[in-house]
2 protein chains.
Amino acid sequence: MTVPYDALAALTEVVGSGGLRSGDAIPVRNRKDASKTEEGLPALLVMPRTTGEVSAVLSICSRFSLPVVVQGGMTGLAGGAAPMAGEVALSLERLNGVEEIDPVNRTMTVLAGTPLAIVQEKAAEAGFLYGVDLGARGSCTIGGNVATNAGGVQVLRYGMTRRNVLGVEVVTADGRVISHLKKVVKNNAGYDWTQLFIGSEGTLGVVTRVLLALQPAVTGIQTALCAAGSIDKALAVLNRLEARLGGSLLAFEAMWPEYMKAATEQGGLPCPFSARPELTLVVEAAMGTAAAGEDAFAEALAELAEEGLLDDVLIAQSSRDRQRFWAYREANYEFYRALPPGIHFDVSIPLGAMETAVTLLRQRVAARSSAALPIVFGHLADSNLHLSVHAEAIDLSGFADIVYALVEEMQGSISAEHGVGVLKRPYLGMSRSDAELALMTSLKRTLDPGNILNRGRILPV
Amino acid sequence: MTVPYDALAALTEVVGSGGLRSGDAIPVRNRKDASKTEEGLPALLVMPRTTGEVSAVLSICSRFSLPVVVQGGMTGLAGGAAPMAGEVALSLERLNGVEEIDPVNRTMTVLAGTPLAIVQEKAAEAGFLYGVDLGARGSCTIGGNVATNAGGVQVLRYGMTRRNVLGVEVVTADGRVISHLKKVVKNNAGYDWTQLFIGSEGTLGVVTRVLLALQPAVTGIQTALCAAGSIDKALAVLNRLEARLGGSLLAFEAMWPEYMKAATEQGGLPCPFSARPELTLVVEAAMGTAAAGEDAFAEALAELAEEGLLDDVLIAQSSRDRQRFWAYREANYEFYRALPPGIHFDVSIPLGAMETAVTLLRQRVAARSSAALPIVFGHLADSNLHLSVHAEAIDLSGFADIVYALVEEMQGSISAEHGVGVLKRPYLGMSRSDAELALMTSLKRTLDPGNILNRGRILPV
């Protein structure tokens with residue numbers, strides 16, 4: 001499918017020749033996302049600079065029935081932003097910038113193409129914190145974060161992107177601009193329609209502008225690396241810390257022994273404990289400015305160790321220590337390269353089923369291939385596991401069936417935070433009932449009757 | 001409009017004669033909600049006991065095009081549950097009970113008709129806390145809380161009902177049961193359609209079952225009654241406490257001097273401070289079990305007083321003191337009766353505009369009638385004001401125009417937490433754009449094409 005001349009002319013009139021690319025002039029970055037999908041050349045790359053231009057572009061695409069793929073930072077892991085044949089790539093990279101920080105209302109108004117790291121920096125400069133943080137912060141954009149309801153390492157404290165968004169401006173497939181950007185925490189005046197767009201992966205509308213809630217900057221950050229003998233014990237630790245430290249906990253991340261083996265052997269990090277525990281935990285809290293906070297954190301962990309819920313506790317004495325502890329949690333980006341090829345998953349498992357799930361995963365992976373290595377880590381407090389299976393010279397896709405069948409059995413989710421895109425679409429029915437899928441389809445039809453927006457992402461074509 | 005014989009027979013077959021009432025046999029409780037709407041006799045009262053029965057009832061009503069009003073605890077303040085002529089009242093009062101508390105996953109599964117107070121009690125018995133609390137706790141039901149996205153006094157810490165709901169089961173107008181009750185924190189597998197039903201006031205579907213997130217029980221509750229000279233100072237106090245005490249703050253409630261005058265003069269409570277400050281604040285935090293928590297709370301407030309941000313600070317030394325402090329905040333239920341007749345509002349105003357808004361409110365109310373008394377209090381941290389205007393022998397409805405015009409001017413919301421129902425429907429356009437209203441209407445048409453569910457609530461008939 002090529003773009004008809006009239007459509008091309010109309011689009012050029014809207015964004016100017018500087019806002020259009022085609023053929024070889026389309027940069028590699030706009031041809032695939034961060035997943036293992038194939039590179040694809042869009043029929044055209046359009047880069048509007050304003051909401052008005054996005055609206056005009058979508059009106060034209062709607063009129064000519066041109067399918068559109070929406071692009072942000074291209075860091076998605078589900079293939080959602082990778083162009084399919086004949087699609088117009090609508091990239092928000094030039095719709096970029098922090099428009100306003102309002103310190104009294106504690107809000108930030110930001111254009112969709114702005115990288116998360118910029119949002120975080122500008123918030124910090126103004127004495128605030130933005131509640132979402134994740135590894136791709138330097139490249140991913142706030143529009144993409146909203147479109148995928150991004151999670152990350154601070155969900156325990158601040159929730160996913162949904163909870164950090166006070167309002168959005170979206171453009172629907174027909175070019176209508178719908179906006180809710182009121183600086184109020186509560187608004188029960190009619191349906192909170194903004195919720196529908198958050199996490200819809202660009203299939204219902206294009207997010208162009210976001211009103212974010214800012215948090216007070218955190219102080220007195222305390223970090224520990226802990227060893228726990230089982231998931232049950234780790235969960236008991238989590239419950240106890242939450243009760244004891246109030247709302248101070250920031251992160252509670254878990255790494256299973258196969259992960260720590262790779263982090264130390266392939267990743268080259270030193271073994272933190274004399275023995276390798278079932279669970280290595282990164283625990284972080286913001287204890288406030290009171291001098292007693294530091295002691296309270298250490299005392300709480302010491303007490304848990306005395307009771308036998310933790311086998312070992314290391315408390316960071318410096319920011320260098322803190323970095324050393326977090327290095328384990330971020331080691332996977334490095335050590336994956338040294339491992340055999342892998343297939344990666346991002347799933348939710350109810351906490352009560354997690355011990356069983358990890359045991360069954362190991363058994364079933366081993367039964368399929370004795371050489372295959374399962375690596376498990378994740379945001380334990382959020383019931384979110386990142387897992388991968390690595391093996392040489394065998395078809396890895398078979399492990400997807402193992403993992404997703406396990407997720408279905410445990411009544412979890414096939415996508416905790418990465419979204420569905422095209423890669424997980426075949427498995428959606430394992431986490432959603434027919435009634436849910438029918439409802440999603442009817443919402444898609446209502447908002448995008450021509451099915452031009454991110455066609456084939458989440459739902460079948 | 002009367003119910004056709006065939007429909008009546010079909011409904012009787014579903015719920016049995018014990019589940020049906022008509023005419024004089026319909027209790028007064030099912031004829032009006034807690035707002036000042038007129039009493040209305042529904043064509044029929046139907047009280048299903050199961051989700052299957054709700055589904056069958058709605059299928060029948062759909063088939064016979066019978067309009068349905070959904071009823072919970074009848075504590076709504078927007079007229080949403082009050083029957084209009086010819087409506088079948090679908091009351092969930094018999095769909096009642098806590099089905100499960102899962103301590104590992106920290107969830108509670110509960111039927112829609114269960115009172116909030118029961119949810120709170122059962123959570124406490126199991127060692128947890130449910131994050132939503134509000135005055136009507138004894139009568140309001142969890143289904144109604146979800147339908148209206150209820151707020152209350154702990155939104156600062158736990159958010160509104162939306163944030164405390166992990167999943168819902170709903171029945172749509174045609175009787176379809178759609179369910180998402182997975183015990184996971186994160187689920188980005190497709191649209192989070194549950195969000196659409198939360199806060200839709202029963203116009204898109206009937207909530208029958210809810211999966212709630214439970215919080216760790218809070219410990220070390222510290223309460224203070226404080227005097228602040230202005231909203232700006234009160235907001236500075238809020239920011240400082242949030243930064244200093246981490247996530248420990250539970251409540252930050254404000255009462256303006258007219259409110260405190262009524263609480264002391266009509267309500268009979270003693271004056272807490274030697275002078276009446278512009279803002280009287282109830283500040284509450286859960287400082288955890290560490291012994292240092294108590295000191296940290298008192299120290300933080302003392303420091304703010306030294307800096308001149310607070311004029312006076314009283315810290316509760318006992319649970320009796322705590323009750324005495326909260327008595328001011330809850331005095332309105334009593335003193336309203338001793339004041340001239342009033343008209344009540346529940347609005348959001350951006351924090352940055354609140355000082356201006358209160359000043360303008362006083363001026364404009366006085367300009368309309370020098371005898372009129374404006375009473376203002378609310379959840380300051382949530383940008384949510386509850387306000388009322390009291391006057392003898394004049395038409396109070398004119399004050400609605402004053403208040404809602406002010407809200408529109410300040411870019412606030414005409415309903416912060418009470419919803420729209422029928423009473424605020426005429427003013428919805430002052431908080432929502434035409435594009436938003438058109439989107440809401442299209443969602444309503446998609447989910448309830450026959451417009452049988454809570455017709456005329458939120459949106460025009």
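Think of each chain on its own: its residues are numbered from 1, step by step along the sequence as written. All chains are assigned letters beginning at A, and all ligands numbers beginning at 1, according to the order in which they are written. Per-residue local features are limited, in this predicted model, to residues with pLDDT of at least 70; the limit for side-chain atom pairs, both in listing and counting, is 80 or more; totals at the level of whole chains, interfaces and linings are taken over all residues. Computation of side-chain values covers all heavy atoms of the structure but excludes hydrogens and water.

Q: Go over the overall build of chain A with me, naming the residues and quoting the values.
A: Every helix listed is a DSSP run of H or I at least four residues long, and every strand listed is a run of E at least two residues long, numbered separately from the N terminus. For chain A, the helix and strand inventory stands at 15 helices and 18 strands. The globule rule puts the C-alpha radius of gyration for 461 residues at 23 Å, and the 23 Å found for chain A is close to it. Over its C-alpha atoms, taken along the principal directions, chain A stretches across nearly 75 × 55 × 40 Å. Counting only residues that meet the buried cut, chain A has 61% of its 461 residues in that class. Every accessible area reported is derived by Shrake-Rupley at a probe size of 1.4 Å, with residue values counting cover from the shown protein chains alone. With the model as given, the accessible surface of chain A reaches about 16,200 Å², and the carbon-plus-sulfur share is 51%. Charge convention: Lys and Arg are scored as positive, Asp and Glu as negative, and His as well as the terminal groups of each chain are ignored. To locate a charge, take atom NZ for lysine, CZ for arginine, CG for aspartate or CD for glutamate. Side-chain charges in chain A split into 39 positive and 49 negative, and the spacing between the mean points of these groups amounts to 5 Å. Restricting the calculation to C-alpha atoms gives the radius of gyration, and the globule rule supplies 2.2 Å times the number of residues raised to the power 0.38. Relative accessibility decides the category of a residue: with a 1.4 Å probe and only protein chains considered, values under 20% of the type maximum give buried, values over 50% give exposed, and everything between is partly exposed.

Q: Tell me about the sheet that holds strand β16 (residues 342-348) of chain B, and name the residues and values.
A: All names here are of chain B. Two strands form a pair only when DSSP identifies at least two bridges running between them. Sheet architecture is open: seven strands sit in the order β15-β12-β14-β13-β17-β18-β16, paired in antiparallel fashion. One side of each edge strand has no neighbouring strand; the edge strands of this open sheet are β15 (312-315) and β16. Recorded for the sheet is a direction-independent mean angle of 15° between the axes of neighbouring strands. Where strand β17 (residues 373-379) meets strand β18 (residues 384-390), seven bridges bridge the pair, whose relative direction is antiparallel. Bridge pairing in β18 places Ile375 opposite Ser388. Across the sheet, helix α9 (residues 257-265) is in contact with β13 (249-255), β14 (279-286) and β17; its angle to β17 comes to roughly 100°. Against the sheet, helix α13 (residues 351-368) touches β17 and β18, its axis set at about 10° to β18. Axes, fitted as lines to C-alpha atoms, cover a helix only where it is in contact. Angles between the N-to-C directions of the axes lie from 0 to 180 degrees. The contact criterion used throughout is that any non-hydrogen atoms of two residues lie within 4.5 Å.

Q: So what's going on with the nonpolar core? Residues and values would help.
A: Think of a nonpolar core as a cluster: buried Ala, Val, Leu, Ile, Met, Phe, Trp, Tyr and Cys residues, connected wherever their side-chain atoms sit within 4.5 Å. Grouped together as the largest cluster of nonpolar side chains are 187 residues, with contacts concentrated most on Leu241, Trp256, Leu281 and Leu380 of chain A together with Leu241, Trp256 and Leu281 of chain B. Excluding anything up to four places from it in sequence, Leu281 of chain B contacts Ala224, Leu225, Cys226, Ala228, Ala234, Phe252, Glu253, Ala254 and Leu310 of chain B.

Q: A description of the interface of chain A and chain B should follow, citing residues and the corresponding values.
A: Facing the 85 residues of chain A at the interface are 84 residues of chain B. Once two parts are joined, some of their accessible surface, as seen by a 1.4 Å probe, is lost; buried area is that loss totalled over both. Among the residues of chain A in contact with chain B, Lys186, Asn188 and Tyr191 of chain A are the three that bury the most area, contributing 16% of the side total. Salt bridges are defined by distance alone: a side-chain nitrogen of Lys or Arg within 4 Å of a carboxyl oxygen of Asp or Glu. Between chain A and chain B we count eight salt bridges in total. A salt bridge links Glu417 of chain A to Lys186 of chain B, with the nearest nitrogen and oxygen atoms 2.7 Å apart. We define a polar contact as two N or O atoms separated by no more than 3.5 Å, with the added condition that, inside protein, one atom must be a possible hydrogen donor and the other a possible acceptor, whereas residues neighbouring each other in sequence contribute only through side-chain atom pairs. There are 45 residue pairs in polar contact (both at pLDDT 80 or more) connecting chain A and chain B.

Q: Any chance you could break down the environment of Ala381 of chain B for me, citing the residues and the numbers?
A: Structurally, Ala381 of chain B can be placed in the loop between β17 and β18. Each C-alpha atom, one on Ala381 of chain B and one on Val153 of chain B, is 10.0 Å from the other, the two residues being 228 residues apart in sequence. Residues in contact with Ala381 of chain B, not counting those within four places in the same chain, are Val185 of chain A together with Leu156, Leu238 and Phe252 of chain B.

Q: Tell me what's going on with the domain arrangement of chain A, and back it up with residues and numbers.
A: All names here are of chain A. Entries for chain A in the domain assignment read domain 1 (5-94), domain 2 (98-216), domain 3 (221-332) and domain 4 (340-435). Opposite the five residues of domain 2 that make contact, domain 3 presents eleven residues. Summing both sides of the interface, domain 2 and domain 3 together bury roughly 600 Å²; the carbon and sulfur share of this comes to 57%. When the area that domain 2 buries against domain 3 is broken down by residue, the three leading residues are Val153, Leu156 and Arg157, summing to 87%. Along the contact surface separating domain 2 from domain 3 lie zero salt bridges. Classification convention: Asp, Glu, Lys, Arg as charged; Ala, Val, Leu, Ile, Met, Phe, Trp, Tyr, Cys, Pro as nonpolar; all other residues, Gly among them, as polar. Of the residues belonging to the side of domain 2 that touches domain 3, the class tally is three nonpolar, one polar and one charged. An automatic or database domain assignment supplies the residue ranges for each domain.

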